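Chain by chain, the residues:
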Amino acid sequence: VINDHRLKGGGLLDSVDRQTEIFVPPLALLQDTLISIVPLTSQGRPAPPKGWCYLSKAYDFLPRGTHFTLPVTIRILFRKKSSDDSQAGLYAYNYINREWLPVEGAVINDDTAISSSITHFTVYAVLGKHKK
């Protein structure tokens, strides 16, 4: 089950599980685009880097590869688990290099949500480093 919406004029879209959202400002999209947020199952999501774990679900923001003329804001709820909280962060998956990359400028709000401005769609998740 996915939640989708056309957001050419801007707007807010929540995932069906209400754990993530995206805010698209007016004029960020040049054409009418059907936007979807798909929570990935453990079988469908990329593996985290060695020594890291998921602190949130992984979300595929679709259509993948969409670029925006203005930054859009995503917000993902997460849970602290047996990880080093200082290492928790928002990561974007690069399908070409098959690696997770940190999203610069991500801000943790109230220790339960992380938000950031992004300029393109891919898979995003909150990852944390396992405690030793």
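Worth saying up front: this structure is predicted, and the values here are computed from it rather than measured.

**Some thoughts on the pattern of salt bridges**
Evaluated as defined, the whole model comprises four salt bridges. The salt bridge involving aspartate 17 is made with lysine 57; its shortest N-O contact spans 3.0 Å. Of this pair, aspartate 17 sits in the loop between strand 2 (11-14) and strand 3 (20-24) while lysine 57 sits in the loop between strand 5 (52-54) and strand 6 (58-62), placing them 40 residues apart in sequence. Given a relative accessible area of 41%, lysine 57 falls into the partly exposed group. Two residues, glutamate 21 and arginine 75, come together in a salt bridge whose shortest N-O distance is 4.0 Å. Of this pair, glutamate 21 sits in strand 3 while arginine 75 sits in strand 7 (residues 67-77); the two residues are 54 residues apart in sequence, bridging distant segments of the chain. The exposure class of glutamate 21 is partly exposed, given its relative accessible area of 21%. Accessibility expressed as a relative area gives 35% for arginine 75, which makes it partly exposed.

**A look at unusual backbone geometry**
Proline 63 follows leucine 62 through a cis peptide bond whose omega is 5°. Its location among the elements puts proline 63 in the loop between strand 6 and strand 7. At leucine 27, a position not held by glycine, the phi torsion is positive, near 75°. Looking at where leucine 27 falls in the secondary structure, it is placed in the loop between strand 3 and strand 4 (34-40). What makes leucine 27 exposed here is its relative accessible area of 65%.

How each quantity is defined
- Residues numbered from 1 in each chain as written.
- Predicted model: local features only at pLDDT ≥ 70, side-chain atom pairs only at ≥ 80, totals over all residues.
- Heavy atoms only, no water.
- Salt bridge = Lys/Arg side-chain N within 4 Å of Asp/Glu carboxyl O.
- Helix = DSSP H or I, 4+ residues; strand = E, 2+ residues; numbered from the N terminus.
- Buried < 20%, exposed > 50% of the residue type's maximum accessible area, 1.4 Å probe, protein only.

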